[in-house]
Every structure is written in C-alpha cells, then in structure tokens.
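Chain by chain, the residues:
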Amino acid sequence: MKVEKFQEVDKSNLFLYHKWRRGYVTESAVNIMLLAQRLLAVLIIVIPGIMAGYGWNLMRDAIFANFTAAGTPFPVLKLIGGLTLFLLGTFFIAGFFLYRDKKKKLLLSQHENPDR
C-alpha cells in the first residue's frame, strides 16, 4: 500500500504527480524534478538581471569617462549598448512578473478596476 505524501508536498505540476501515482517515478525523484524546475526559473530571472546590471555599468562608465579624460570623444556606442542591455534585461524581468501575476489572476483588468 502506497503512502500518499506527495499530496502534502506539491501538486502544482500535475504531469509529475500523475507519473508518481502510476508508479513510474519515486517521490524523491519527483521532489528533485520540482527543485530543478525552481532552480531553472531562478536562473531565468538572474541572467537578465545580471545583463541589466552590466548595461547600467556600461552607461555609467560612458557618462563618467568624459569627465575624467579631457579631449577624448564621448563613447556613444558604449552608451547605446549599455542602454540596450539595461532595457532588455529590465523589460524581460517586468514581462516575467506581469505574465506570472496574470496567470495567478493577481491583476485586475481595466473593466474590473474599481477606481475608474
């Protein structure tokens, strides 16, 4: 007779839950798979965050390089590249959180907004 501990742990991934119920994988394997999925989700957020931080650093260096070395041209390409990295990283993170909140129904649509 099986002990149903999986119900207490997590049923968010129904595919893994049904594989466990049918006996294809063990409970510890399911927990490892769920942990791997969460770590992958963290990496998906961390990489654009590092990219946005590096873009911010490039923009800062481009702006303040003009103050330190007199007579050198302004590094326009460095500024544009930094701005691009910063905006791409920021928009990716914002889109990720917006998608997650819409999926969990934490956002109100314009028709449901009581302030309007």
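What counts, and at which threshold
- Residues numbered from 1 in each chain as written.
- Predicted model: local features only at pLDDT ≥ 70, side-chain atom pairs only at ≥ 80, totals over all residues.
- Heavy atoms only, no water.
- Helix = DSSP H or I, 4+ residues; strand = E, 2+ residues; numbered from the N terminus.
- Buried < 20%, exposed > 50% of the residue type's maximum accessible area, 1.4 Å probe, protein only.
- Contact = heavy atoms within 4.5 Å.
- Areas by Shrake-Rupley, 256 points an atom, 1.4 Å probe, with all protein chains shown as cover.
- Salt bridge = Lys/Arg side-chain N within 4 Å of Asp/Glu carboxyl O.
- Polar contact = N/O pair within 3.5 Å; in protein donor to acceptor, adjacent residues only side chain to side chain.
- 1 Å grid on protein atoms, 1.4 Å probe; cavity = no way out; pocket = protein on both sides within 12 Å on 5 of 7 lines; lining within 4 Å.
- Points joined across faces, edges and corners; volume = space filled by probe spheres on them.
- Nonpolar A, V, L, I, M, F, W, Y, C, P; charged D, E, K, R; others polar.
- Expected span 1.5 Å × (residues − 1).
- Phe/Tyr/Trp six-rings, centres within 6.5 Å; stacked < 30°, edge-to-face > 60°.

1. Topic: the overall build of the protein
Step number 1: On a plain count of helices and strands, the protein comes out with four helices and zero strands.
Step number 2: For the protein, the proportion of its 116 residues judged to be buried stands at 16%.
Step number 3: Long-range contacts, defined as pairs at least 24 residues apart, comprise 39% of the intrachain contacts of the protein with a sequence gap of at least 6.
Step number 4: Summed over all atoms, the accessible surface of the protein reaches about 9,400 Å², with 67% contributed by carbon and sulfur.

2. Here we look at the pattern of salt bridges
Step number 1: What the rule picks out here adds up to two salt bridges.
Step number 2: Residue arginine 100 pairs with aspartate 101 through a salt bridge whose shortest N-O separation is 3.5 Å.
Step number 3: When its relative accessible area of 19% is taken as the criterion, aspartate 101 is described as buried.

3. Quick word on the side chain of aspartate 101
Step number 1: With respect to the secondary-structure elements, aspartate 101 resides in helix 4 (residues 76-103).
Step number 2: A polar contact is formed between the side chain of aspartate 101 and the side chain of arginine 100, at a distance of 3.5 Å.
Step number 3: Sequence-distant contacts of aspartate 101, defined by excluding residues within four places in its chain, comprise Leu106 and Leu107.

4. As for the layout of surface pockets
Step number 1: Estimated volume of the largest pocket: approximately 340 Å³.
Step number 2: Around the largest pocket sit Gln37, Arg38, Ala41, Val42, Ile44, Phe96, Tyr99, Arg100, Lys103 and Lys104, which together line it.
Step number 3: Within the residue set of the lining of the largest pocket, elements represented by two or more residues are helix 3 (27-68) and helix 4.
Step number 4: Looking at the lining of the largest pocket, its residues break down into five nonpolar, one polar and four charged.

5. Quick word on helix 4
Step number 1: The first and last C-alpha atoms of helix 4 sit 40 Å apart over 28 residues, in line with the 40 Å expected at 1.5 Å per residue.
Step number 2: Buried residues of helix 4: Gly82, Gly89 and Asp101, and no others.
Step number 3: Note on helix 4: the residue one or two positions beyond its end, lysine 105, has a positive phi of about 60°.

6. Some points on the environment of proline 75
Step number 1: When you line up the elements, proline 75 lands in the loop between helix 3 and helix 4.
Step number 2: You can call proline 75 partly exposed: its relative accessible area is 23%.
Step number 3: Along the primary structure proline 75 and isoleucine 63 are separated by 12 residues, whereas in three dimensions their C-alpha atoms are 8.0 Å apart.

7. Focus: the packing of aromatic side chains
Step number 1: One pass over the structure, following the stated rule, counts two aromatic pairs.
Step number 2: Taken together, a centroid distance of 5.5 Å and an interplanar angle of 50° make the contact between tryptophan 56 and phenylalanine 86 tilted. You can see tryptophan 56 sitting in helix 3 and its partner phenylalanine 86 sitting in helix 4, a full 30 residues away along the chain.
Step number 3: Overall, the relative accessible area of 52% leaves tryptophan 56 in the exposed class.

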